[in-house]
Each structure stands twice: as structure tokens, then as C-alpha cells.
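Survey of secondary and tertiary structure
One letter stands for each residue in the lines below.
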Amino acid sequence: MQDSPLSLLPPLLAIVIAIWRKNALFALLCGLILSFTMIANWNPIIGVSDSALGLANVFSSLSNIYIVSFSLLIGALVTLMNQSGAVNGFIQHLAQLNLVKSSRQASMLPTIIGTSIFTDTNLSLFTAGMASQKVFDQHKLSRARLAYLIDSTCAPVSILFLLNGWGAYVLGLLDGYQFDDPVGILIGTVFFNVYAIVAVVLAYYTAYSGKVFGPMKHADSTIESNGQEEISQIAPAKVMWLPLCALLLFTFALLYITGEGDLRRGSGSFSVFWAIVSSLVILISLIAYYRLLSLKKTISALGQGIRYMVPAVSILVLSFAFGDAIKELGTGLYVSQLLNLEVPLFLIAPILFIAAGIMAFATGTSWGTFAILVPIAVPIALESGLPVEFLVAAVLGGGIFGDHASPISDTTVVASIASGCDHFEHVKTQLPYALVGATVTLVAYLLYGLTF
């Protein structure tokens, strides 16, 4: 199949179903079954059986187990912070500091919070949005501007500061290519992820200068509450920031230890897993010390958080299995050979960026986009001589762009809720900014590609 256009069928089927059904889980499952059916010479019974084995084989890798566990425990951490009142306490602490005395400072508040909490996108969005609603109203700044600022910092920062579920996920997608330095490749994507960098820079420029363009000029969102203020429990601010700081410090420390002094060569999956475990232990200890939740409620919150992450983790497991399947099928190798023959080198990264953007826009999921396109981008890089980091970053940036522009993206929806902004207004006012970022990215990728 490696030299056959038929090897394109599974990812094409997954893309079509994802766009048609708006369901990344079902799309990846169909693509997985088709891949193994083709490998089994079109025997559907063996294809289904091998698909089940492929899913089971995901857990034969200790690295994958660490990544899946980390992703589940992130949900537990966020839920415990919410239910214990840690998030509310952090927000109240910010209000007591009385740091916001001008419209510029009001705009900078969610921007800074959005770039500071990069362990979980939803936690970052809700914290930044809820902490800023009242000050935006006081300084007569639209909720649409607030929604844009948190959406354009929280998600891009999560893919730039990869000590989180995003980093663990991408690291898992890179597993299996026998790279000597997968963590180094992961870090290298940051410097090539032009869209995410431009999105953050543009958000900071907008917040500091106060200048807006497009429909944002006429935005007038007046929604006063997003319904999240019903939780009355308030905890000391340290209950939130101590576990988050611990997560960051433990990750760096374990990368340093496992890499024998070289962070890039450390075990990323091992480090993030034990860092999240340590962070949870600290959070639970603080909850017990301040008597914020009973043992029963703490255990219940842990379970709720883990259950909340099950759909995302299911996509994660299917992504790993699907990536392994199309590797065996030779899809990435075929596409790389095709592009080497038909497409100039300088166009490859822009094509991957656009493809990822379209898919993420249509499906509303960047993770599903990464699952299909990263296993194609890596072989293209290896065959063409282009840096692996460069092409993987093109896929990651394209996925974030599509997420930003899509009205059905979960981050777009959460940003609207967290800021108390009308969802359609948020999509309409943010789109011009996303398009500017995409245009700058395409130009940068074309120029860089011409150096090869």
C-alpha cells in the first residue's frame, strides 16, 4: 500500500466523516477500522479485530499510559480547584489587590492571566474571563474584546508552553519514529509556530494600545453574568497558585533529572505524569488543611474531573492507534513521495497549515486535526529534508487557527461563556484577527521555505 494512492483513503475518510458528522471520535474510529481492513487485504472481520488490538496496543507503551493518565488527572485538578473555591479565591485576591485603575490595565488583566495559566485551556479561559468581567464593564470595554483577549492567549499559550496536556499529546504523536530527542523536537516546534506567537503578540498589542479593527469597533456586548458566579465557596488564593507552580517546577525538575542535566533529553511523559500527581497531592492537602471539602466531596470531585476528560482522552487513545495504523499503511511515506515529486519545498508548510486550518475549522477540534496530519507531516519532513519541527509546527499552528475561526470549536464556545459575550458576536469579532495571524504565518512559512 505504501506506493498506492489507496493509502490516502483512511485519513480522507476520517476528514470527511469529521466534517460531516462533527464528531472526531467517530471519524477516527472509522479511519482506524478502514486502515486495518486494508492492511488485512480488505477482510473486514480481521480489520475490526486488529483495530481492537491496535487500541489495546496503545497501552503497551508506558509512555502512552503516562500521557493518558496525565490527561485524566488534569480534569481532576481543574474540577477540584473549581469546587473547592480555589478559582474564586484567586479571582477575589486579584480584585483586592486593586491593580486595575484604567482601561489599559483592565485590558491587560485577562491577557496576562491568559498567558500565565497554561496548564489547562478551560481553567485559563474561565479564570481570565471571570476575573475580568466586572472591570471591563466598569471601564466600558465590550465583552467581545474580553472574549477575544482570553481566546487569543489561552489556546496559543497552551501550544507554546507545552508543560500541559497539549505537550503530552503531541509528544505521544511523535512517539514511534525512533527520534533521539523527541522532547527537543517538541520544544523546537515553539519557534516555528508562527500563528500562535502572532496571536499572542496581537492580543497584547490590542490590550496595551486599545486599538481595535473590524467588527470589534462596533461591539457592544452587555451580558452581565455567565452563570458561573453561583459557586459561593471561596478559598485562599494559594490553594490555586501553589499546585500550579508545583506542576511547573516538578515538570522542569524531572525533565532535568531524567535527561541527566539536559531538559530536552528528559522523559516528557514521565515528568508530566509525576508532576500532575505531585500537584494533586498538594491541592488535596491544602483542601484538607483549610477544610474546604469533605473527604467524600473531594473523592467525588476527583471522579467528576476524570469523567469530564474521558471524551478527550478517548480521542487521544484513538489518535495514537490511528497514527500507528497509517504508519503501517504507509500513508505518510506515500504523501511525502508525492509532494517531493509534485510540490516545491517552499509550499509544503503552507499547504499543511491551510489543510490543518480547514479541518479544525470544519470539525471544531484541533486535537483530531493533529491526530490525522502529524503522522503525515513527519514522514514528509524526513523524506524532503525539511525540519521535522517546522512541518509539525505548521500542523499545530493551523489547528489553532482553525480552532480560533470555528464557531463550533470548544475553546471558542468556552471563551464566549467565560466572558459573558454573545457567541456569534465573539466569532464575528475575532475572525479578522485570526485571518491576520494566518496571513502573517503563511508569508513567514513561504519565506522560510525558500531558504531550502
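Residues numbered from 1 in each chain as written. Predicted model: local features only at pLDDT ≥ 70, side-chain atom pairs only at ≥ 80, totals over all residues. Heavy atoms only, no water.

1. Considerations on the overall build of the protein chain
- A tally of regular secondary structure across the protein chain gives 20 helices and 0 strands.
- The C-alpha radius of gyration of the protein chain comes to 22 Å, within 12% of the 22 Å expected for a compact globule of 452 residues.
- Expressed as lengths along the three principal axes of its C-alpha atoms, the size of the protein chain is roughly 65 × 50 × 45 Å.
- Out of the 452 residues belonging to the protein chain, those deemed buried represent 57%.
- About 18700 Å² of surface is accessible on the protein chain, with carbon and sulfur atoms providing 66% of the total. (Helix = DSSP H or I, 4+ residues; strand = E, 2+ residues; numbered from the N terminus. Rg over C-alpha atoms; globule rule 2.2 N^0.38 Å. Buried < 20%, exposed > 50% of the residue type's maximum accessible area, 1.4 Å probe, protein only. Areas by Shrake-Rupley, 256 points an atom, 1.4 Å probe, with all protein chains shown as cover.)

2. Brief notes about the nonpolar core
- If you look at the biggest cluster of nonpolar residues, it comprises 140 residues, and the most contacted ones within it are Ile-159, Phe-370 and Leu-391.
- With 12 residues, helix α14 (residues 295-329) is the single largest residue contributor to this core.
- Discounting residues that sit within four places of it in the chain, Leu-391 has contacts with Ile-348, Ala-349, Leu-352, Ala-377, Ile-380, Ala-381 and Leu-386. (Core = buried A, V, L, I, M, F, W, Y, C linked by side-chain atoms within 4.5 Å. Contact = heavy atoms within 4.5 Å.)

3. Concerning unusual backbone geometry
- Backbone geometry at Glu-260 places phi at a positive 50°, although glycine is not the residue there.
- As for its position among the elements, Glu-260 is in the loop between α12 (238-258) and α13 (268-289).
- The exposure class of Glu-260 is exposed, given its relative accessible area of 77%.
- Look at Arg-291: it is not a glycine, yet its phi comes out positive at around 50°.
- Here Arg-291 lies in the loop between α13 and α14.
- Classification of Arg-291 by relative accessible area gives exposed; the value is 76%.

4. Focus on a nonpolar patch on the surface
- Taken together, Leu-6, Leu-9 and Trp-42 make up a surface patch of nonpolar side chains, about 270 Å² in accessible area.
- Within the secondary structure, Leu-9 is located in helix α1 (residues 9-21).
- Residue classification places Leu-9 among the partly exposed positions, given a relative accessible area of 34%. (Patch = residues over 30% accessible without salt bridge, like charges linked within 9 Å, V, L, I, M, F, W, Y side chains within 5 Å. Salt bridge = Lys/Arg side-chain N within 4 Å of Asp/Glu carboxyl O.)

5. A short note on the packing of aromatic side chains
- Evaluation of the coordinates by the stated rule reveals 18 aromatic pairs.
- Centroid distance Phe-192 to Tyr-448: 5.3 Å. Interplanar angle 55°. Geometry classified as tilted. Linking Phe-192 in helix α10 (residues 182-192) with Tyr-448 in helix α20 (residues 423-449), this pair joins segments that are 256 residues apart in sequence.
- Plain terms: the ring middles of Tyr-289 and Tyr-290 are 5.0 Å apart, the flat faces sit at 85° to each other, and that makes the pair edge-to-face.
- Tyr-290 sits in the partly exposed class, given a relative accessible area of 30%.
- Taken together through their ring pairs, the aromatic side chains of Phe-192, Tyr-195, Phe-353, Phe-390, Phe-401, Tyr-445, Tyr-448 and Phe-452 make up a single cluster.
- A cation sits over an aromatic face here: Arg-104 above Tyr-208, 4.0 Å from the ring centre. (Phe/Tyr/Trp six-rings, centres within 6.5 Å; stacked < 30°, edge-to-face > 60°. Lys NZ or Arg CZ within 6 Å of the ring centre and 35° of its normal.)

6. Overview of the state of the cysteines
- On inspection of all chains with the given rule, the structure shows 0 disulfides.
- A disulfide-free cysteine, Cys-154 has its sulfur positioned 15 Å from the sulfur of Cys-421, the nearest such atom. (Disulfide = S-S within 2.5 Å.)

7. Focus on the packing of helix α8 (residues 143-160) against α20
- Running from N to C, α8 and α20 point in directions that differ by 55°, and their axes come no closer than 9 Å. In terms of their interaxial angle, α8 and α20 are classed as oblique. Like other packed secondary-structure pairs, α8 and α20 cross with a definite hand, here right-handed. Across the interface between the two elements, Ala-144, Ala-147, Tyr-148, Asp-151 and Ser-152 of α8 pack against Glu-425, His-426, Thr-429, Gln-430 and Tyr-433 of α20.
- The residue inventory of the contact of α8 with α20, partitioned by class, reads 4 nonpolar, 4 polar and 2 charged. (Axes fitted to C-alpha atoms, helices over the stretch in contact; angles between N-to-C directions. Parallel < 35°, antiparallel > 145°, perpendicular 65-115°, else oblique. Left-handed = near helix turned anticlockwise from the far one by under 90°. Nonpolar A, V, L, I, M, F, W, Y, C, P; charged D, E, K, R; others polar.)

8. Thoughts on helix α17 (residues 366-384)
- If you check α17, its first and last C-alpha atoms are 25 Å apart, about what 19 residues at 1.5 Å a residue would give, namely 27 Å.
- The largest bend in α17 is about 35°, located at Leu-373, with the proline Pro-375 one to four residues further on.
- Taking burial as the measure, the 19 residues of α17 include 17 buried ones, the bulk of the element.
- Backbone geometry just downstream of α17 places Gly-385 in the positive-phi region, at approximately 90°. (Expected span 1.5 Å × (residues − 1). Bend = angle between axes of the 7 residues up to and from the residue.)

9. Some thoughts on the packing of α12 against α13
- Close contact between α12 and α13 brings their axes to 8 Å; oriented N to C, the two are set at 150°. Considered as vectors, α12 and α13 are oriented roughly antiparallel to each other. Classified by chirality, the crossing of α13 by α12 is right-handed. For the pair formed by α12 and α13, the contact residues are Lys-238, Val-239, Leu-242, Pro-243, Leu-244, Ala-246, Leu-247, Phe-250, Thr-251, Leu-254, Leu-255 and Thr-258 on the first element and Gly-268, Phe-270, Ser-271, Val-272, Trp-274, Ala-275, Ile-276, Ser-278, Ser-279, Ile-282, Leu-283 and Leu-286 on the second.

10. Some details on the confidence of the model for the protein chain
- Per-chain confidence: the protein chain averages 84 in pLDDT, with 92% of residues scoring 70 or above.
- The low-confidence segment residues 221-231, where pLDDT is below 50, has 28 contacts with residues more than four positions distant or belonging to other chains. (pLDDT = per-residue confidence, 0-100.)

11. What to know about the environment of Gly-357
- Position of Gly-357 relative to the elements: it lies in helix α16 (residues 345-363).
- Using a relative accessible area of 4% as the deciding quantity, one classes Gly-357 as buried.
- Counting along the chain gives 46 residues from Gly-357 to Asp-403, while the straight-line C-alpha distance between them is 7.6 Å.
- The contacts of Gly-357, once residues within four sequence positions are left out, are Gly-398, Gly-399, Phe-401 and Gly-402.

12. Quick look at the environment of Phe-191
- With respect to the helices, strands and loops of the structure, Phe-191 is situated in helix α10.
- Sequence separation between Phe-191 and Leu-174 is 17 residues, and the spatial gap between their C-alpha atoms is 17 Å.

13. Topic: the pattern of salt bridges
- Taken as a whole and assessed by the stated rule, the structure comprises 1 salt bridge.
- Between Asp-137 and Arg-143 there is a salt bridge whose closest N-O contact spans 2.7 Å.

14. Notes on helix α19 (residues 410-419)
- With 7 of 10 residues buried, α19 is to be regarded as a mostly interior element.
- Turning to α19, its buried residues are Thr-411, Thr-412, Val-414, Ala-415, Ser-416, Ala-418 and Ser-419.
- A positive backbone phi angle near 70° is found at Gly-420, which sits one or two residues after α19.

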